[in-house]
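Chains, contacts and geometry: an overview
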Amino acid sequence: QLFGIKMKELDMVGFSIEEKDANIWNGTIKEKSVEDEWILVPAEIISDKVKILAEWVRDDERIPAIVENIFGKGKAILLTSTYLLHPSNYGGVSSIEHIENFYDYIINSSNGNKKSKFELCPWPKGYSSAFCVTFNSEGNEDQTKKIQNFLKAENIRATFFIDSTLSAEQLSTLEKDESITLQSNLYTRADLSTLGFSQMIREILMNEQHFGKNFTGIRFPLGKTNFWGLLYADQQGYKYDTSIGVDHLTNYEGSVIPYNIPISQNGFYKTLNILEISPSSNDDEIYFGKSVTEPDYNIDVQKTDANLFEKYLFDFYDFAVKKYNGLMLYTGHPQYTGFSEVTLQPLKKLIDTLKINNCWITTLDEVVDFRNKLKVLSVGAFETENETEFQITLPGDTVIKGLTFKFDAKPEKITFSGSYDLKEKNGQYYLIADVRNNDIIRLNY
């Protein structure tokens, strides 16, 4: 009843999947199957409200492959195979563009004839993206000091992930710097992914005891996470991890939006309260590693490597982050970024660009605080012909500062008990407000 069809299992050998009037995949979605492929497919349509978006086709035979049915006050869409929305570079048939087209179709069809489309923005105060700077502790005292001076000159707050190799002098310098937050890179600088329960807990506790700190953020060395480490960190109240890199330029790994980490082992499965804040997969060591391996790392070579790193950083922001309103996490090391004024330039040029690019340049702690408040936020949206009303539900005394709604039409009147700001940018309107439980925002058109 929900999808308006009855199903049966058929061998789809010799069938291709062809799009029908949807303009999502632009023609053939899947080439003919050359081997037996038993799949549950629609055998009978039982609703007069079904729309066929794609069909299995073999000669004159046609069987629905993607159907859309109006049911109750909404719509239900059935895709008869999981690989229809699975990325092609992971064994599916759809490109990233096709997947985006599908969800655009869903959003547009769901909005119907509403006068204004609206969405809740992922970042506060109308920012279209976010950016944080982090460093590991590799490097000598001079290189660390160079990074600190750079951050002060740029008015940037950063997070350093420290391990037992950090010298007492470097620790003292970092602790005195109010613009720097210290978090855990675990005790041993090695691949810890295969350690057992007790060994992993020892790594976490040894680092806490070594520095005498109650860390709230964690980063596993070499980007290799550990099941027991994540589980224990979650139980101990750690708020975030920054280990799993993002590669959306050459692959499809990681996320530019913070997410709660799911872990599993031997049939056990749990989604943790820890937020994963994913760094860009290429760090400064990839480009400036020659500063350690080659005795004559001259200025000309540094400039060549700096240009390559700069190109990567800008490509990553433009194509993987900015386009999707995501977060970019810079991961560096004083040993490489702080090697010289030349090796500092890629980060400097990126920051200079982001400062004029409506990007929220902030800290990991502020990102985690904002995203965790969004997790407990509920917004009820109620519409009449000329009015949209938002009802805010938040636990206790929680306040979300700078909560931002985005519209494609300018409201004639806004009614809200608190203060708000309405901004226009590129034909879109952003309503920014500090909200509390039971707040109501009304928009009249």
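Figured I'd write up the structure that's included with this text. (Residues numbered from 1 in each chain as written. Predicted model: local features only at pLDDT ≥ 70, side-chain atom pairs only at ≥ 80, totals over all residues. Heavy atoms only, no water.)

On to unusual backbone geometry. With a phi close to 60 degrees, Asn155 is a non-glycine residue in the positive phi region. With respect to the helices and strands, the residue Asn155 is situated in the loop between helix H2 (141-154) and strand E10 (158-162). Using a relative accessible area of 70% as the deciding quantity, one classes Asn155 as exposed. One non-glycine residue, Asn438, lies in the positive phi region at around 75 degrees. Positionally, Asn438 belongs in the loop between strand E23 (428-435) and strand E24 (440-444). (Helix = DSSP H or I, 4+ residues; strand = E, 2+ residues; numbered from the N terminus. Buried < 20%, exposed > 50% of the residue type's maximum accessible area, 1.4 Å probe, protein only.)

Attention shifts here to the pattern of salt bridges. Applying the stated rule across the entire model yields 20 salt bridges. Taking the shortest distance from any N to any O, the salt bridge between Glu138 and Arg189 comes out at 3.6 Å. Here the residue Glu138 occupies a position in the loop between strand E9 (129-136) and H2, and Arg189 occupies one in the loop between strand E11 (180-184) and helix H4 (197-211), the gap between them amounting to 51 residues. With relative accessibility at 13%, the residue Glu138 sits in the buried group. With relative accessibility at 36%, the residue Arg189 sits in the partly exposed group. Salt-bridge contacts for Arg157 lead to Glu366; the nearest nitrogen and oxygen are separated by 3.0 Å. Remark: Glu366 occurs in helix H11 (residues 364-375) and Arg157 occurs in the loop between H2 and E10; sequence separation between them is 209 residues. (Salt bridge = Lys/Arg side-chain N within 4 Å of Asp/Glu carboxyl O.)

To continue, consider the packing of helix H8 (residues 299-321) against helix H10 (residues 341-354). In a pair of packed helices, the angle between the axes and the distance between the axes together describe the arrangement. With their axes 8 Å apart at the nearest point, H8 and H10 run at an angle of 30 degrees to one another. Between H8 and H10, the crossing angle belongs to the class labelled roughly parallel. Crossing of H8 against H10: the hand is right-handed. For the pair formed by H8 and H10, the contact residues are Ile299, Gln302, Lys303, Ala306, Phe309, Glu310, Leu313, Phe314 and Tyr317 on the first element and Val342, Thr343, Pro346, Leu347, Lys349, Leu350, Thr353 and Leu354 on the second. In the contact of H8 with H10, the residues fall into 11 nonpolar, 3 polar and 3 charged. (Axes fitted to C-alpha atoms, helices over the stretch in contact; angles between N-to-C directions. Parallel < 35°, antiparallel > 145°, perpendicular 65-115°, else oblique. Left-handed = near helix turned anticlockwise from the far one by under 90°. Contact = heavy atoms within 4.5 Å. Nonpolar A, V, L, I, M, F, W, Y, C, P; charged D, E, K, R; others polar.)

Limitation: the analysis is restricted to geometry and does not speak to function.
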